[in-house]
Amino acid sequence: MNRILISTAVLALLSFSGCNIQPADSAATSAMTPVGTPIGPVPGGMPQPQGEENPYARNAVARNEGRQLFVHYNCSGCHGGHAGGGMGPSLRDQDWIYGNSDAHIFDSIAQGRANGMPSWGARIPSGEIWKLVAYITSLRTPDEPDAPEQQ
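Residues numbered from 1 in each chain as written. Predicted model: local features only at pLDDT ≥ 70, side-chain atom pairs only at ≥ 80, totals over all residues. Heavy atoms only, no water.

1. Re the overall build of the protein chain
Thought 1: Summing up its helical and strand segments, the protein chain has six helices and zero strands in all.
Thought 2: Beginning at the N terminus, the succession of helices and strands in the protein chain can be written as α-α-α-α-α-α.
Thought 3: Here the protein chain holds 151 residues, and the buried ones make up 28% of them.
Thought 4: Summarising the internal contacts of the protein chain: among those between residues at least 6 apart in sequence, 58% fall at separations of at least 24.
Thought 5: With the model as given, the accessible surface of the protein chain reaches about 10500 Å², and the carbon-plus-sulfur share is 56%. (Helix = DSSP H or I, 4+ residues; strand = E, 2+ residues; numbered from the N terminus. Buried < 20%, exposed > 50% of the residue type's maximum accessible area, 1.4 Å probe, protein only. Contact = heavy atoms within 4.5 Å. Areas by Shrake-Rupley, 256 points an atom, 1.4 Å probe, with all protein chains shown as cover.)

What follows is the structure, given as structure tokens:
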């Protein structure tokens, strides 16, 4: 009987002793972001990203491969079958929150954006991202592969 009381008392002391322990690293506190705090880049005047140019910018084969990658990576699941929008924004528009240059689009795919665009940079090789960019920038142009039918 005494063993049970002593064990219970020890367990109670151990459970109460951890109440005022602070997290040892910032990773634990960063998960507790207040509601309404933006995660990722904030929309607005975005400076032109510094970096290389799209090596596939004028390559018809790369645009076709970009279209295939768009389907393969299920980009259409959010952006629609021909990038006209769905759960995610239309990529056929001329107005883009984060910029519509090749470098901006690359950064949006690689780094992700607030409110739903995941970061794909760790999963999709940069060469394939550039091909996706080549396809996306061809939308609404005569060079668009597999363009939707005009109604």
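So that's the structure; there's more coming.
2. Thoughts on helix α5 (residues 102–111)
Thought 1: A large share of α5 lies buried, amounting to eight of its 10 residues.
Thought 2: Next to the buried residues of α5 lie α6 (126–138).

3. Concerning the environment of Trp120
Thought 1: Looking at the secondary structure, you find Trp120 in the loop between α5 and α6.
Thought 2: Under the relative-accessibility criterion, Trp120 is labelled partly exposed at 26%.
Thought 3: It is 9.7 Å that separates the C-alpha atoms of Trp120 and Asp107, two residues lying 13 residues apart in sequence.
Thought 4: Setting aside anything within four residues of it in sequence, one finds Trp120 in contact with Ile109 and Ala110.

4. A short note on the side chain of Glu144
Thought 1: Relative to the helices and strands, Glu144 is located in the segment after α6.
Thought 2: Here the side chain of Glu144 touches Arg140 through a polar contact of 3.1 Å, landing on its backbone nitrogen.
Thought 3: Leaving out residues up to four positions away in the same chain, Glu144 has contacts with Arg92, Tyr135, Ser138 and Leu139. (Polar contact = N/O pair within 3.5 Å; in protein donor to acceptor, adjacent residues only side chain to side chain.)

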